Amino acid sequence: MTKPPLALYLAAPRGFCAGVDRAIKIVEMALEKWGAPVYVRHEIVHNKYVVDDLRDKGAVFVEELDECPDDRPVIFSAHGVPKAVPAKAAEREMVYVDATCPLVSKVHIEAQRHADNGLQMIMIGHAGHPETVGTMGQLPDGDVLLVETVEDVATVDVRDPNKLAFVTQTTLSVDDTADIVAALNARFPAIVGPHKEDICYATTNRQEAVKAAAPKCDAMLVVGAPNSSNSQRLVEVARRAGCDYSQLVMRDTDIDWRALEGISSLGITAGASAPEVLINEIIDAFKARYDVTVEVVETAVENVEFKVPRVLREPA
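Thresholds, definitions, all that
Residue numbering note: each chain is counted from 1, following its sequence as written. Totals for whole chains, interfaces and linings use all residues, but because this is a predicted model, local features are given only for residues with pLDDT of at least 70 and pairs of side-chain atoms are given and counted only at 80 or more. Here the side-chain values reflect all heavy atoms present in the structure, with hydrogen atoms and water set aside. The criterion for strand pairing is that DSSP finds at least two bridges linking the strands in question. Helix and strand labels come from DSSP, where a helix needs a run of H or I of at least four residues and a strand needs a run of E of at least two; each type is numbered from the N terminus. Note on method: axes are straight lines fitted to C-alpha atoms, helices fitted across the in-contact stretch only, with angles between N-to-C directions ranging 0 to 180 degrees. Should any heavy atoms of two residues lie within 4.5 Å, those residues are considered in contact. Pairing of aromatic rings covers Phe, Tyr and the six-membered ring of Trp, with a centre-to-centre limit of 6.5 Å; geometry is then stacked below 30 degrees between planes, edge-to-face above 60, and tilted otherwise. Only protein chains enter the calculation, and the probe is 1.4 Å; a residue is then buried if its accessible area is under 20% of its type maximum, exposed if over 50%, and partly exposed in between. For a lysine, the NZ atom is tested; for an arginine, the CZ atom; a charge sits over a ring if that atom is within 6 Å of the ring centre and within 35 degrees of the ring normal. Helices are assigned an expected span. That span is 1.5 Å times one less than the residue count. The directions from the helix axis to the C-beta atoms form the arc being described.

(A) Main features of the sheet that holds strand β7 (residues 144–147). A sheet is described by the order of its strands in space; here three strands give the open sequence β7-β6-β8, paired in parallel fashion. What marks the edges here is a single partner per strand, and that holds for β7 and β8 (164–168). Taken pair by pair, the neighbouring strands of this sheet meet at an average axis angle of 30°, ignoring direction. Bridge count for strand β6 (residues 120–124) against β7 is four bridges, and the pairing is parallel.

Right, dumping it as structure tokens:
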């Protein structure tokens, strides 16, 4: 029986970004240097496959520092942590390695600088997301106000409208954030923004590639985890760019084949914490059912690399 033809548009860039790559490398190098177990506070990145792989190698994932013994190394996830966490680790004389993405650390430094200049902070982000919790935790309770939507901007209660600055979570939708920033500027004309957008290059690039691929596709699959903010944003961006059937899948077993019956074109992308092995697994699943031709839709080339902390580059 002949397979139906399928044009598969592979978005590029997709998958791992430099911050995720660095965070995974940090856990692997820590295991090499100190042996197992190495403790990791929160999922190092939001991907079950990656976390399970590191767990098999000897990483122990916990939600709070209290769950870690004093005598084993602990790693803080790529999303960043409140200032109180490394302070507590230092107080307990623990060996700790901070795997916070350097682009998230840049936002932390920015928030502190604005606070030092007497400005109250507004953060555009998602309540409860580890990155938002980490960034808001750089300053004392109540010093950072969270807005999630344009509607929130209308009701946010500030100390002094002339002494404000804003930062954003790095994994947001570029378009949604632009609307919120416009609302902040309209209500608070004196508000100070970042010199350069906080949304990271990888988030922006993946969204642009999806915008380019989506109009060609009957359906779009985003490989990523449900708790991955940047993956969820890719689903929304694809729908907005004209691909109504856009779904998040973690593995090939999550594909809803009945919903895809009759398609002749498909887009595939992946969030910044999804490994290429999962993308290939999904492509292979389509090749088993369709006569697939692959076209790469590339909108940017990434060659960013972040160094791991010095402690891991030094001999034990």
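We are not done yet, so read on.
(B) Summary view of the sheet that holds strand β11 (residues 265–270). Taken together, the five strands give an open sheet; going across it, the order is β10-β9-β11-β1-β12, and neighbouring strands pair in parallel fashion. On the outer flanks of this sheet lie β10 (245–249) and β12 (291–298), each paired with one strand and no other. In this sheet, adjacent strand axes meet at a mean angle of 25° when their direction is disregarded. Of the strand pairs in this sheet, strand β1 (residues 5–12) and β11 are connected by four bridges, and their pairing is parallel. What sits directly across from Tyr9, in β11, is Gly267. Contacting β9 (219–223), β10 and β11, helix α9 (residues 229–240) runs over the sheet at an angle of about 170° to β10.

(C) Main features of the packing of aromatic side chains. All chains considered together, the criterion is met by three aromatic pairs. Summarising the aromatic geometry, the rings of Trp257 and Phe286 are spaced 4.7 Å apart at their centres and angled 55° between planes, so their arrangement reads as tilted. Of this pair, Trp257 sits in the loop between β10 and β11 while Phe286 is found in helix α10 (residues 276–289), placing the two residues 29 residues apart along the sequence. Relative accessible area serves as the criterion here: at 23%, Trp257 is assigned to the partly exposed category. Through a chain of ring-to-ring contacts, the aromatic side chains of Trp257, Phe286 and Tyr290 assemble into a single cluster. A cation sits over an aromatic face here: Arg289 above Trp257, 3.9 Å from the ring centre.

(D) Summary view of helix α4 (residues 102–116). In this model, α4 (15 residues) spans 21 Å end to end at C-alpha, consistent with the 21 Å of a helix rising 1.5 Å per residue. Turning to α4, its buried residues number three or more, namely Leu103, Val104, Val107, His108, Glu110, Ala111 and His114. Along the axis of α4, the buried positions cluster into a sector of 160°, meaning they face one direction only. Structural note: α4 exposes Ile109 and Asp116 on the side pointing more than 90 degrees away from its buried face.

Everything listed is a geometric property; what it means functionally is a separate question.
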